[in-house]
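Analysis of the macromolecular model
One-letter residues, chain by chain:
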Amino acid sequence: MDSISVAAQDSALLELRSIRDSIDRRLDEWLPQDPTGRDQVGNAMRDSVLPAGKRVRPLLLVLAARGLGCSSASVIDLGCAVEMVHASSLIIDDMPCMDNAELRRGKPTIHRGYGEDVAVLAAIALLTKAFGLVSSLPDVSPALRAQLVSELADAVGMQGL
């Protein structure tokens, strides 16, 4: 590989890390924080979303948006909404009525760590948080926000997840 290719590859990796770090920061800000540790649903939401991951879905969304010329800061938040939907789907998929998984990324699944009742509530809360986030993107027109909510509903709905 020549030095230009290595430099371009390093630059691309730095950009991906930067985007992923931005997504992780915003997810931390969007999810409920409970210093007392008593908010089991909020803690389950955080435990399902925040562990280190590749963040493939939001990364692809941000890169595609940038490739199409969108430089809005709201793209990161839209990526966060996608990641919340993904985490919600994993909580549901791990439930005893589905795959009955015991571990996810080497840790107890949400229903194992918090109970099935909290897992269901956390999955629903993540979905509603994602819809709320998309419906309130600050620098996106109301018409586009409505379209984004509709697309998200289709992606999550009966023929989606």
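Anything mentioned here points back to the structure above.
Residues numbered from 1 in each chain as written. Predicted model: local features only at pLDDT ≥ 70, side-chain atom pairs only at ≥ 80, totals over all residues. Heavy atoms only, no water.

Attention now goes to unusual backbone geometry. Apart from glycine, the bulk of residues carry a negative phi angle, and the bulk of peptide bonds sit in the trans form. Backbone geometry at R55 places phi at a positive 60°, although glycine is not the residue there. As for its position among the elements, R55 is in the loop between α2 (40–49) and α3 (56–67). A positive phi is found at N100, a non-glycine position, where the angle reads about 50°. Among the structural elements, N100 can be located in the loop between α4 (74–94) and β1 (103–104). (Helix = DSSP H or I, 4+ residues; strand = E, 2+ residues; numbered from the N terminus.)

Its boundaries defined by the atoms lining it, the largest pocket holds a volume of some 310 Å³. As for the largest pocket, its lining consists of 17 residues, and the residues nearest its centre are D47, P51, K107, P108 and I110. Put simply, the parts of the chain that give the lining of the largest pocket at least two residues each are α2, α4, β2 (107–108) and α5 (110–114). Grouping the constituent residues of the lining of the largest pocket by class yields eight nonpolar, three polar and six charged. Roughly 160 Å³ of internal volume is contained in the second largest pocket. (1 Å grid on protein atoms, 1.4 Å probe; cavity = no way out; pocket = protein on both sides within 12 Å on 5 of 7 lines; lining within 4 Å. Points joined across faces, edges and corners; volume = space filled by probe spheres on them. Nonpolar A, V, L, I, M, F, W, Y, C, P; charged D, E, K, R; others polar.)

A word on the packing of α4 against helix α6 (residues 116–135). Where α4 meets α6, the axes come as close as 8 Å, and the angle between the chain directions of the two elements is 160°. With respect to α6, the axis of α4 lies roughly antiparallel. By crossing handedness, the relation of α4 to α6 is classed as left-handed. Residues D77, L78, C80, A81, M84, V85, A87, S88, I91 and I92 of α4 pack against A119, A122, A123, L126, L127, K129, A130, L133 and V134 of α6. A per-class count over the contact of α4 with α6 returns 16 nonpolar, one polar and two charged. (Axes fitted to C-alpha atoms, helices over the stretch in contact; angles between N-to-C directions. Parallel < 35°, antiparallel > 145°, perpendicular 65-115°, else oblique. Left-handed = near helix turned anticlockwise from the far one by under 90°. Contact = heavy atoms within 4.5 Å.)

Moving on: the nonpolar core. Counting residues in hydrophobic clusters, the biggest one holds 36 residues, and the most contacted among them are I23, M84, I91 and L126. Of all the elements in the fold, those that place two or more residues in this core are α1 (3–30), α2, α3, α4, α5, α6 and α7 (142–156). When residues in this core are grouped by element, the largest group, ten residues, is from α6. Not counting the four nearest positions on each side in its chain, M84 is found in contact with L27, W30, L31, L126, K129, A130 and L133. (Core = buried A, V, L, I, M, F, W, Y, C linked by side-chain atoms within 4.5 Å. Buried < 20%, exposed > 50% of the residue type's maximum accessible area, 1.4 Å probe, protein only.)

Across the interface, α3 lies against α4 with an axial gap of 8 Å and an inter-helix angle of 150°. Taken together, the axes of α3 and α4 are roughly antiparallel relative to one another. In the packing of α3 onto α4, the handedness of the crossing is right-handed. Contact with α3, carried on its side by R57, P58, L61, V62 and A65, involves V75, I76, L78, G79, V82, E83 and H86 of α4 and no other residues of that element.

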